[in-house]
Amino acid sequence: MSPRVRPPRLLLETALLALLFASSGAAAAERPSLVNTRIRTPFNANGHSSTIDGRVFIGNIGEDHATTTTTWIARVFRPEAVTYDAQGKPGFSSVFSPGRTTQVRNGENALAFCFPNPAQPYTLSSGLAVYQPYLFDSRMFNGENRFRRRPIDVRVSLPFTAQADISSFTTGNLQELTTVTGAAIRGIEPTMTSDGRLLIFQGGPANNGVIDHLMYSYNPTPCAASGWSNPRPLSMMVNDPDAGVKRYPLAWQPLRAATGEAFGTTTTGALIRGAYAWVDHEGRNVLYTGVVYTDGARREAVSLIGADTGWTAYHVDGSINTDRSDIAHLFYSSPMWNLEQERAPAQNFPPGSSNETRYLPVTKTHDVLPLFGSNTGDYNEVDLGELTDPFALLFLPMNEMVTRAGAYDLTRTPDLSGRFFTGTLTGTAQVSPGNAVTQPPSGSLLEPHGKGKALVLPGGGALTVNLTDPSGTVPGVGAFVRGFTVQLAIKPDANINTGCTGNPYRYLLAKSGGLDLIYEANNTVQMSFVLNGQRVRLGVSPVLPVGVWTHLAYTWDGVTGIFKEYVNGVSTGRALPVVTGSFRLGTGALSIGAGNTLNTQACPATGEGSFRGAIDEVRFFTHARSNRSVCMATHGTSCKDEAIQVHPTAGQFGMSQQHPSCNSYTALGSQACASSMHRVCAQRGTTDALANSTNVYETVQQLIGNRPPISLLGVPASATATDVSVACAPIQHQSLAVTFEELARKHAGCSDDRVAQGMDCGAAVHRWCNSLGWTTGQLFELTSRPWVGCFNSGLIQDVPKEQLGPASNAGSFTSADSKLEVSRWCQTRGYGAGVIQELANGTLANIHCFQPAVTVPWKFNP
């Protein structure tokens, strides 16, 4: 069968799905991307903190230095009062209650909540929600900077309604924090993990009151007044000998600047200069401000660093950083995913409530942080998921570089792929001073737009990336790959070719011996790749508009030879060449916005010119991305309906094309292969769901509704050295994002990413799914949090481990051999595959057998 011909059944199902998309009233309204949209809120304070459930905010609204009096206000955040306009943009005019104030008289300023029992942030009493955490704060004036704690009592009337408000707000006795040596902790601006054990703040390595560095202290006793570790720079978490510190993902790898330079791991090294820190609930990442503002304080360049940024400082490109020095950014906090639309009612506060119609974040990707600012009075969303793609080769956000010393460098832009292929501006090129250039003229959220800052090219400028690979092993540079994707957004100048004659074509991308993307004189573009030693030209695209943004993407599957072209996330459907083989860019200069030789002519007489306009979000991937992945990275376009109907090419179904580390039989027990099996099953999900559904209407609701779409987990049914048969879970299932904090409450050993595929997490997920009414669960994906699939099995039995096979008998339950032994045991009993859920007394394996939606063989390395 030709790879360009769809089988009849697939044609029928695709047509059926298209018809259902067009006619079904179940289709949910498109949720816009808000990563480039700052929204005003009525909450203002000079420093604040919010409770674990995101329902109570306390901030400082007044200071009298003469009497050392500070006024704190407590206000209820009421998600029930969020409104949405016609484009899906949220409004916050009524979400914060009037609140109540109290006065404290010890020089207080910034503060942080600490909950001794984070699983229960409040109790209900006589119709009130009662919050009784500690408030940790810093003495900021009329005395030395010192941290303290005090108990508080905040009571909320009419809780969990649009009329909720503070009924009372009282504080208890103040206690100064001390270390294990009895010393005070000197610093300002505290923030704490939800377990009450990790304190992060602005201070100095000598703990003498000097500030401007990010510091931490740890206590094995949550919220304690004494027994804190001696403060250390945040970048020294990686060499902290305390096992308690080591369990936070922030401590797993050295922290680095955007340039790739490591921050210091001694007190005399190049430490992280930062202020106004906020640490997420599980100690994965820290948000902070990294550059000095015009007033001389470090109040600019809101940045994130931690496990979900590759332990690299990420100067956020988006709404939270608009103009380069527009306002002083002081304090932000996040309710994390407590108000997420897809969250299961059992996970919510109060338990059983739904976020279906009132939800945050709005941006519908996997890992978006909703962030509220107090001094800035704003709301912003930051997408973490785009930073962790294992196939990312190059990701140029086109915003300014923040150096390791904590200063702007306007001559460079960072590479967020983790390869540190930093871009350098040449000629007249510049990074836009603000985000206005990336917005559509109408200001609509539903028109194509860029993100954050952009590369502005008035003509005669470019951005150059020096691709290096001394070892020859970097996929797509020195090493060949079997697939590739190019994505970028462009905004041609409205008069780009006015007055030009001849053929004044211009380069958008140029890499000698690798690829080029040309902007033609007729406002089309043409992509070319060098494959098998020959330049393969894809022909001209449809005509693109000038003066507005267009998203372009090109994918190539080297196994089938299929190219695809997408404009604003939708396939153009053009007939393209078919060329199999492998590809690499090679080392040397990649030029963006011009050819390798800079041509400064306004009208390049013989072509080979430089682009005029703006370019943003240049991204290279070392595999052929799916249409859905392309669509999700396309800001301001409605492409999801089309994307879910596009069947991936055969090469995309190879296991290593879904995760590069799922490349062998022995990897089958790894998280990488769990992700790959999920992805091949999920991409087949639309077709298989329709083919096997007994209720097409409900199936379509799941496909296109606000709950996660078909996202089947996969289980190995059989395997050889080259192939694995993947059994996809039943169509009737539930896919949910959870946190390790939530899973650890089901089984304490399921603590973090490192044990995601272990038996402790298997037990935790099993119990989690049981609590939702399902028999069986598997952790199928790991982003900035675990993703769990729940379904019902047909046979559940405790089996002595020696009956399963030698690998299971030896206790190697996470190995490929053991997983296959479990499936074989189930197959002898008439089922397609099976999974182990728990282990009783170290000998009895709790086996769950199920009938898959489909079982399909795939190669590890196509």
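Everything below is about the structure shown above.
What comes next is a walk through the structure. (Residues numbered from 1 in each chain as written. Predicted model: local features only at pLDDT ≥ 70, side-chain atom pairs only at ≥ 80, totals over all residues. Heavy atoms only, no water.)

## Things to note about the nonpolar core
The tendency in soluble globular proteins is for nonpolar side chains to be buried as a group. Residues Phe484, Ile490, Leu515, Phe529, Ile592 and Phe620 are the most contacted members of the largest nonpolar core, which totals 48 residues. Ranked by size, the runner-up nonpolar core spans 23 residues in total, among them Leu255, Ala257, Trp311 and Ala313. (Core = buried A, V, L, I, M, F, W, Y, C linked by side-chain atoms within 4.5 Å. Buried < 20%, exposed > 50% of the residue type's maximum accessible area, 1.4 Å probe, protein only.)

## Section: helix α10 (residues 816–827)
Across its twelve residues, α10 extends 17 Å between first and last C-alpha, which sits within 8% of the 16 Å expected from 1.5 Å per residue. Of all the residues in α10, the buried ones are Ala816, Ser818, Lys819, Leu820, Glu821, Val822, Ser823, Trp825 and Cys826. Buried residues along α10 sit against β45 (714–719), β50 (795–800), α9 (806–809), β51 (833–840) and β52 (844–850). (Helix = DSSP H or I, 4+ residues; strand = E, 2+ residues; numbered from the N terminus. Expected span 1.5 Å × (residues − 1). Contact = heavy atoms within 4.5 Å.)

## So, the side chain of Arg148
Inspection of the secondary structure assignment puts Arg148 in strand β12 (residues 147–157). Take Arg148: its relative accessible area is 4%, and that puts it in the buried class. Not counting the four nearest positions on each side in its chain, Arg148 is found in contact with Asn106, Gly107, Glu108, Leu135, Phe136, Asp137, Ser138, Arg139, Leu174, Gln175, Glu176 and Leu177.

## Some details on the state of the cysteines
Structurally, a disulfide amounts to a covalent bond that connects the sulfur atoms of two cysteines. Taken as a whole and assessed by the stated rule, the structure comprises eight disulfides. Paired through a disulfide, Cys114 and Cys223 show a sulfur-sulfur distance of 2.0 Å. Its S-S torsion of about -95 degrees marks the bond between Cys114 and Cys223 as left-handed, since a negative value means left-handed. A residue pair is termed long-range when its members are at least 10 positions apart, and Cys114 in strand β8 (residues 108–114) and Cys223 in the loop between β17 (213–218) and β18 (232–233) qualify at 109 residues. Each member of the pair Cys114 and Cys223 is classed as buried. One disulfide in the model links Cys826 with Cys849; its S-S distance is 2.0 Å. (Disulfide = S-S within 2.5 Å.)

## Looking at the sheet that holds β17
Strand order in the open sheet made by the four strands is β15-β16-β17-β18, with antiparallel pairing throughout. Of all strands in the sheet, those bounded by a partner on one side alone are β15 (188–192) and β18. Across two bridges, the pairing between β17 and β18 is antiparallel. Considered in β18, the bridge of Met215 is made with Pro233. (Pairing = 2+ DSSP bridges.)

## With respect to the sheet that holds β50
Spatial ordering of the open sheet is given by β50-β52-β51, a layout of three strands whose pairing is antiparallel. The open sheet terminates on both sides in strands that have one partner only, identified here as β50 and β51. Direction aside, the axes of adjacent strands within the sheet are offset by 25 degrees on average. Pairing between β51 and β52: seven bridges, direction antiparallel. Within β52, the residue paired with Ala840 across the bridge is Leu844. Contacts between helix α8 (residues 759–771) and the sheet are confined to β51 and β52, with β51 contributing the most and set at about 100 degrees to the helix. Packing of α10 onto the sheet brings it into contact with β50, β51 and β52, and relative to β51 it is tilted by some 115 degrees. (Axes fitted to C-alpha atoms, helices over the stretch in contact; angles between N-to-C directions.)

## Digging into the pattern of salt bridges
Using the criterion set out here, one finds 37 salt bridges in the structure. Of the charged contacts, one joins Asp326 and Arg38 as a salt bridge, the two residues approaching to 3.3 Å between their closest N and O atoms. Residue Asp326 is located in the loop between β22 (314–315) and β23 (332–333), and its partner Arg38 is located in the loop between α1 (8–23) and β1 (39–40); the two are separated by 288 residues in the primary sequence. On the basis of relative accessible area, Asp326 is assigned to the partly exposed category, the value being 23%. Linking Asp137 and Arg150 is a salt bridge whose minimum nitrogen-to-oxygen distance equals 3.5 Å. Of the two residues, Asp137 sits in strand β11 (residues 134–139) while Arg150 sits in strand β12, which places them 13 residues apart along the sequence. The buried category is assigned to Asp137, whose relative accessible area is 0%. Taken together, the shared-partner salt bridges in this structure form one network comprising Glu108, Asp137, Arg148 and Arg150. (Salt bridge = Lys/Arg side-chain N within 4 Å of Asp/Glu carboxyl O.)

## Considerations on unusual backbone geometry
In most cases, non-glycine residues show a negative phi, while peptide bonds are predominantly trans. A cis amide bond, omega -5 degrees, links Phe349 with the succeeding residue Pro350. Within the secondary structure, Pro350 is located in the loop between β23 and β24 (368–373). In this structure, Pro361 follows Leu360 across a cis peptide bond, with omega equal to 0 degrees. In this structure, Pro361 sits in the loop between β23 and β24. The phi angle at Ala301 is positive, at roughly 65 degrees, despite the residue not being glycine. Following the sequence through the fold, Ala301 ends up in strand β21 (residues 300–306). Looking at Ala301, the relative accessible area reads 0%, which means it is buried.

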